[in-house]
Amino acid sequence: VQLQASGGGLVQPGGSLRLSCAASGSSLGNYVVGWHRQAPGNQRELVAAISAAGSSRYAASVKGRFTISRDNAKNTVYLQMNNLKPDDTAVYYCNRQRAYYSDFVLYHWGQGTLVTVSS
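This write-up is about the structure you can find in this document. (Residues numbered from 1 in each chain as written. Predicted model: local features only at pLDDT ≥ 70, side-chain atom pairs only at ≥ 80, totals over all residues. Heavy atoms only, no water.)

## Topic: the overall build of the chain
Then, number 1: The helix and strand inventory of the chain stands at zero helices and 10 strands.
Then, number 2: Scanning the chain from its N terminus toward the C terminus, one meets helices and strands in the order β-β-β-β-β-β-β-β-β-β.
Then, number 3: Principal-axis analysis of the C-alpha atoms places the extent of the chain at approximately 40 × 25 × 25 Å.
Then, number 4: Across the 119 residues of the chain, 45% fall into the buried class.
Then, number 5: For the chain, restricting intrachain contacts to residue pairs at least 6 apart in sequence, the fraction spanning at least 24 positions comes to 56%.
Then, number 6: Carbon and sulfur atoms make up 46% of the accessible area of the chain, which totals about 6200 Å².
Then, number 7: Counting 11 positive and 5 negative side-chain charges, the chain places the centres of these two groups 6 Å from one another. (Helix = DSSP H or I, 4+ residues; strand = E, 2+ residues; numbered from the N terminus. Buried < 20%, exposed > 50% of the residue type's maximum accessible area, 1.4 Å probe, protein only. Contact = heavy atoms within 4.5 Å. Areas by Shrake-Rupley, 256 points an atom, 1.4 Å probe, with all protein chains shown as cover. Lys, Arg positive; Asp, Glu negative; His and termini not counted. Charge placed at Lys NZ, Arg CZ, Asp CG, Glu CD.)

Spelled out as structure tokens, the structure:
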């Protein structure tokens, strides 16, 4: 099973994007889902996670700017990114987390979606 991220693009500093995470053949409703990112030369990092009940947690670098949410009717998890900075430039991925407070994931990684923040 893979979760597919979409919605990336080129945006100016201070701009916004909303990423979507969808699953085929699997219901996300009961899962903890996380958004991760990997910038060139860096390790992949978890930036946000949402529990099945809707609780959320964020990396310090994005707290207050990013919001993770889920729409179970659409079987989709979103990442709203506001006040984007050049340091947010990365390929963004979503995955099913092992647990709410775990950084470990359960599925193979999908292709991700590229977010580029540049003027």
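## What to know about the side chain of Gln97
Then, number 1: Along the polypeptide, Gln97 turns up in the loop between strand S9 (90-96) and strand S10 (113-117).
Then, number 2: A polar contact of 2.7 Å, which involves the side chain of Gln97, links it to the side chain of His36.
Then, number 3: In this view, Gln97 contacts Val32, Val33, Gly34, His36, Leu46, Ser102, Asp103, Phe104, Val105 and Leu106; residues no more than four positions away in its chain are not counted. (Polar contact = N/O pair within 3.5 Å; in protein donor to acceptor, adjacent residues only side chain to side chain.)

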